[in-house]
Amino acid sequence: MIVGVLGLQGDIREHCLALGECGVDVAVVRRKAEIEAVDALVIPGGESTTIAHLAQVFDLIDVIRSRIGSGMPVYGSCAGMILLANRVLDAAPNQITFGGLDITVRRNAFGRQVDSFEADLDLDGMNESIRAVFIRAPWVESTGPAVSVLASVVSPDGQRRAVAVRQGPLLATSFHPELTSDNRIHRYFLDEVCSKSK
Amino acid sequence: MSEITGTGRVKRGMAEMLKGGVIMDVVNAEQAKIAEDAGAVAVMALERVPADIRAQGGVARMSDPDMIEKIKAVVTIPVMAKARIGHFVEAQVLQSLGVDYIDESEVLTPADYENHIDKWNFTVPFICGATNLGEALRRINEGAAMIRSKGEAGTGDVSNAVTHMRKIGGEIRRLTSMRDDELYVAAKEMQAPYELVKEVAKAGKLPVVLFTAGGIATPADAAMMMHLGADGVFIGSGIFKSGDPSRRALACVKATTFFDDPKVIADASRGLGDAMVGINVADIPVPHRLAERGW
C-alpha cells in the first residue's frame, strides 16, 4: 500500500515521517497522475485557503473529489479537516473544499495563535490519552448521521466540541498528531481506516 | 483536561503550518485581500514596505494598531507584524492586539543595540532574521520559534538572500560532519549555545522552521531559495512594488510549491508585467545595509 501526502503546502514532512515510522510506503503527491496512483491520502496541516487555492489552480479538485467519492481512505489534520468538510463556517470568500465528510467545521474556532494550545485528549478506542496540539484550530460544529465523534473538548464558551471524527474511510482531527512523536493516530488510520475500507 | 497555551510546540508548530508557502508584506487592507486571494499563507502588516523605508529614510517603527486591526478584520489567514529589535513593549502591544506572529526585524530601526527581546516571556511566537548559523542559534536561544535568512530587504536583489541561505546551510552541513569532541569549539567559534549546536549537528537542520527573505522579486527567485533549503519565502517589496501585484503574487505562490518543476515556473513567469526596479546591493553603502543590524 502507498499512502500519498498531499504536497501543496503545510507540514508535509512531518506526516511523511510519522507514516514512515509506521512502516508504510509514502509518496508526496502534487499532480493528478500522482494522486490517482496512491491507495490512501493524507491532507496535512497548513493554511486551508492556500491549499484549496493551489488545488484549484493546478486542477486537482476533480481528481481528489472523485477518489474520495470512490472510497479512497483519507485522513486530514487541521487544514485537512477543513478541506474534507462538506460545510465550512468563517471561511474566506469563495473558499472551496474537497468535501466528503458530512460535517460543518468552524475555521480558527479556538481563536488566533495566542489561543493555540496543547492538551491531553481521550480518544474513542484508545486506552491512554494522547497529547493533542491545537494550532489556530477548527472544531466540528455539527455532524451528519453517518459521522462518529472520536474525541471532543470543552471550548472556551463551555460547549463540548468534536475535534476528531470519522465517517467510513474518512478521518479528520482538529489537532496535529504529526507534531508529536506519538504515531497512534496515523496507526489508527492505517490499521483501522485503511485496511477495513477495502 | 489541562490546556496550555504558548508552549514551544505550539509556537514552533505554527511555523510548521506555514511551510511551502509565501508570506507577503502588506501596508493596507486592500493589499492584504490581494495576498489572501493569491494564496499567501500569511501576511506581514507594516506601514511601509522595505523599499519605501529605504527610499524615505527616518526611523521605522511598529505599525499603527488601527492599521493592524483593519488588516486582521479583512483576512482569515494569519497576520504577522514587526517590532523593532529589542523593543519589548512594541512586542507586548502587538501581542495584546492578537497578531499571530511577531517579526523582531532589522527592517525597522533597532531600539536596543545590545539586547534582543527575551522572547520566552511571550505567548505569541517570534520570528527573527539571521545571516549565519550562529546568529540563528542565538535567536533561538532567546526564544525565537522561527528563523528567516535576512537577505537585503527592499532591494529586489536576491544575491544576499542566496549568500545567507548558503551560509546557514553550509554551516549546518559542516556541523553534521564533525566529531562530538569538535562541537565544543564549533559552538565557541559561532558564539552559540553548545546544546543547540549539538542538536543541529544531530538533526542536520535547525530545530525551528527556516524561511528566507530579502530581495526576492520573481517566481524563479522564490523557487531558487526553496532549492537552497528554505522552508518557505517572505516577499516584501517584490509584489506590491511590481506592475501587477495580483498576478505576481499568485505566480510566486505557484513557483514556491513547484520549485523543482521548471515548466511550472516558466508558465508562472509569463506576462507578469514589470518586476520591481530594485537596487543592486553592491551600490548600497555598508552602513545602510539592513542585514548588518542584529548580532
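Everything below is about the structure shown above.
This text gives an overview of the structure that appears in the document. (Residues numbered from 1 in each chain as written. Chains lettered and ligands numbered in written order. Predicted model: local features only at pLDDT ≥ 70, side-chain atom pairs only at ≥ 80, totals over all residues. Heavy atoms only, no water.)

### Observations concerning the overall build of chain A
Then step 1. Across its full length, chain A carries six helices and twelve strands.
Then step 2. A compact globule built from 198 residues would reach a C-alpha radius of gyration of about 16 Å, and chain A, at 15 Å, matches this within 12%.
Then step 3. Overall, the C-alpha framework of chain A stretches about 45 × 40 × 30 Å when taken along its three principal axes.
Then step 4. Across the 198 residues of chain A, 61% fall into the buried class.
Then step 5. Counting contacts in chain A only where the partners sit at least 6 residues apart, residues at least 24 apart contribute 63% of the total.
Then step 6. Looking at chain A as shown, the accessible area adds up to about 7100 Å², and 45% of this sits on carbon and sulfur atoms.
Then step 7. Here chain A contributes 19 positive and 24 negative side-chain charges, whose respective centroids are spaced 3 Å apart. (Helix = DSSP H or I, 4+ residues; strand = E, 2+ residues; numbered from the N terminus. Rg over C-alpha atoms; globule rule 2.2 N^0.38 Å. Buried < 20%, exposed > 50% of the residue type's maximum accessible area, 1.4 Å probe, protein only. Contact = heavy atoms within 4.5 Å. Areas by Shrake-Rupley, 256 points an atom, 1.4 Å probe, with all protein chains shown as cover. Lys, Arg positive; Asp, Glu negative; His and termini not counted. Charge placed at Lys NZ, Arg CZ, Asp CG, Glu CD.)

### Comments concerning the overall build of chain B
Then step 1. When helices and strands are counted, chain B shows 13 helices and nine strands.
Then step 2. Across its three principal directions, the C-alpha atoms of chain B cover 55 × 45 × 40 Å.
Then step 3. Classification of the 295 residues of chain B by burial places 60% in the buried group.
Then step 4. Here the analysis covers contacts within chain B between residues at least 6 apart in sequence; of these, 66% occur between residues at least 24 apart.
Then step 5. Accessible surface, chain B: about 11400 Å² in total, of which carbon and sulfur atoms supply 50%.

### Looking at the side chain of S48(A)
All names here are of chain A.
Then step 1. One can find S48 in helix α3 (residues 48-57).
Then step 2. According to the relative accessible area criterion, S48 is buried, its value standing at 2%.
Then step 3. Setting aside its immediate chain neighbours within four residues, S48 contacts A79, I82, L83, Q95 and R107.

### Concerning the pattern of salt bridges
Two side chains of opposite charge can pair, provided their charged atoms sit close to one another.
Then step 1. Counted by the stated rule, this structure contains 35 salt bridges over all chains.
Then step 2. In this structure, the salt-bridge partner of K82(B) is D103(B), at a minimum N-O distance of 2.9 Å. Here K82(B) is found in strand β4 (residues 79-84), whereas its partner D103(B) is found in strand β5 (residues 101-105), with 21 residues between them in sequence. Comparing K82(B) with D103(B) shows no difference in burial state: the two are buried.
Then step 3. By sharing partners, the salt bridges in this structure join D90(A), R106(A), E141(A), D157(A) and R161(A) into a single network. (Salt bridge = Lys/Arg side-chain N within 4 Å of Asp/Glu carboxyl O.)

### A few points about the interface of chain A and chain B
Then step 1. Residue-level contacts link 44 residues of chain A with 46 residues of chain B.
Then step 2. Roughly 3400 Å² is buried in total at the junction of chain A and chain B, and carbon and sulfur atoms are behind 58% of that figure.
Then step 3. Together, R112(A), Q113(A) and V114(A) form the three largest contributors to the area buried by chain A at its contact with chain B, with a combined 19%.
Then step 4. Put simply, chain A and chain B have six salt bridges between them.
Then step 5. In this structure, R112(A) engages D100(B) in a salt bridge whose closest nitrogen and oxygen atoms are separated by 2.7 Å.
Then step 6. In this structure, the connection of chain A to chain B is made through 23 residue pairs in polar contact (both at pLDDT 80 or more). (Buried area = accessible area lost by both parts, 1.4 Å probe. Polar contact = N/O pair within 3.5 Å; in protein donor to acceptor, adjacent residues only side chain to side chain.)

### Examining the packing of helix α2 (residues 29-38) of chain B against helix α4 (residues 65-74) of chain B
Residues and elements named next belong to chain B.
Then step 1. Direction vectors running N to C along α2 and α4 enclose 35°, while the axes themselves pass 9 Å from each other. Once α2 is placed against α4, the crossing between them reads as right-handed. Across from A29, A32, K33 and E36 in α2, the residues of α4 making contact are K70, I71 and V74.
Then step 2. A per-class count over the contact of α2 with α4 returns four nonpolar, no polar and three charged. (Axes fitted to C-alpha atoms, helices over the stretch in contact; angles between N-to-C directions. Left-handed = near helix turned anticlockwise from the far one by under 90°. Nonpolar A, V, L, I, M, F, W, Y, C, P; charged D, E, K, R; others polar.)

### Overview of the environment of S242(B)
All names here are of chain B.
Then step 1. For S242, the location among the structural elements is in the loop between α11 (237-240) and α12 (245-257).
Then step 2. When its relative accessible area of 11% is taken as the criterion, S242 is described as buried.
Then step 3. Beyond its immediate stretch of four places on either side in the chain, S242 contacts R248, D274, A275 and M276.
Then step 4. Of note is the side chain of S242, whose polar atom sits 3.5 Å from the side chain of R248.

### A few points about the sheet that holds strand β7 (residues 117-121) of chain A
Then step 1. Strand order in the open sheet formed by three strands is β8(A)-β7(A)-β1(B), with antiparallel pairing between adjacent strands. Every other strand in the sheet has two partners, leaving β8 (130-134) of chain A together with β1 (4-5) of chain B as the edge strands with one partner each.
Then step 2. In this sheet, β1(B) lies alongside β7(A) in antiparallel orientation, the contact comprising two bridges. Its bridge partner lying in β1(B), E118(A) is registered against I4(B). (Pairing = 2+ DSSP bridges.)

### Observations regarding the nonpolar core
Within soluble globular proteins, side chains that are nonpolar tend to cluster in buried spots.
Then step 1. Within the largest apolar cluster, 105 residues are counted, with the highest numbers of intra-cluster contacts made by L137(B) and L175(B).
Then step 2. When residues of this core are assigned to their parent elements, the largest contribution, six residues, is made by helix α7 (residues 159-176) of chain B.
Then step 3. Every residue in contact with L175(B), bar those within four places of it in the chain, is listed here: L133(B), L183(B), A186(B), M190(B), V197(B), V200(B) and A201(B).
Then step 4. Membership of the second largest hydrophobic core comes to 35 residues, among which are A40(A), L123(A), W139(A) and F189(A). (Core = buried A, V, L, I, M, F, W, Y, C linked by side-chain atoms within 4.5 Å.)

### Structural notes on the environment of Y113(B)
Residue and element names in this part refer to chain B.
Then step 1. Along the chain, Y113 turns up in the loop between β5 and β6 (126-130).
Then step 2. The class for Y113 is exposed, based on a relative accessible area of 55%.
Then step 3. Remark: the alpha-carbon pair of Y113 and E47, spanning 66 residues in sequence, is separated by 23 Å.

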